[in-house]
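Coordinates in review
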Amino acid sequence: AARRAELEQALRGTGDHETTNGHGNGNGNGDGAADALIRLALELDALERVQPRVDSWLRITVAAASEDPGVAPFGEGPA
């Protein structure tokens, strides 16, 4: 959630920055901001892709730890 908020803030901020150095050649500090934005988007994508796998591992672990085997048989049972 923190990365998503950071990405949204960066997206809003990128549109406000000048992407050229004043001469129209596109080599201003906007290029660095765009690169950082892309890195952040890729990190967020990777986190969102791995989340279902982590959730599955947690479900399996919790189920194994909390599984109730029920009443165990006592004695030899009916003859």
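Residues numbered from 1 in each chain as written. Predicted model: local features only at pLDDT ≥ 70, side-chain atom pairs only at ≥ 80, totals over all residues. Heavy atoms only, no water.

**Details of the overall build of the chain**
On a plain count of helices and strands, the chain comes out with 2 helices and 0 strands. If you sum the accessible surface of the chain, you get close to 6,700 Å²; carbon and sulfur atoms cover 57% of it. (Helix = DSSP H or I, 4+ residues; strand = E, 2+ residues; numbered from the N terminus. Areas by Shrake-Rupley, 256 points an atom, 1.4 Å probe, with all protein chains shown as cover.)

**What about the pattern of salt bridges?**
Per the counting criterion, the structure on display carries 4 salt bridges. The partner of R4 in a salt bridge is E48, and the shortest N-O contact between them spans 2.5 Å. Here R4, found in helix α1 (residues 2-14), pairs with E48, found in helix α2 (residues 30-66); they are 44 residues apart in sequence, far enough to count as distant. The partner of R49 in a salt bridge is D45, with the nearest N and O atoms 2.8 Å apart. Highlighted residues: R49 and D45, both in helix α2, separated by 4 residues, approximately one helical turn. Given the relative accessible area of 60%, R49 is considered exposed. Among the charged side chains, a salt-bridge network with shared partners connects R3, E6 and E43. (Salt bridge = Lys/Arg side-chain N within 4 Å of Asp/Glu carboxyl O. Buried < 20%, exposed > 50% of the residue type's maximum accessible area, 1.4 Å probe, protein only.)

**So, the environment of E8**
Here E8 is to be found in helix α1. Separated by 29 residues in the primary sequence, E8 and L37 place their C-alpha atoms 9.6 Å from one another.

**With respect to the confidence of the model for the chain**
Per-residue pLDDT for the chain averages 76, and the proportion of residues at 70 or more is 70%. Low confidence marks residues 17-27, where pLDDT is under 50. Its contacts with residues over four positions away, or in another chain, come to 13 contacts. (pLDDT = per-residue confidence, 0-100. Contact = heavy atoms within 4.5 Å.)

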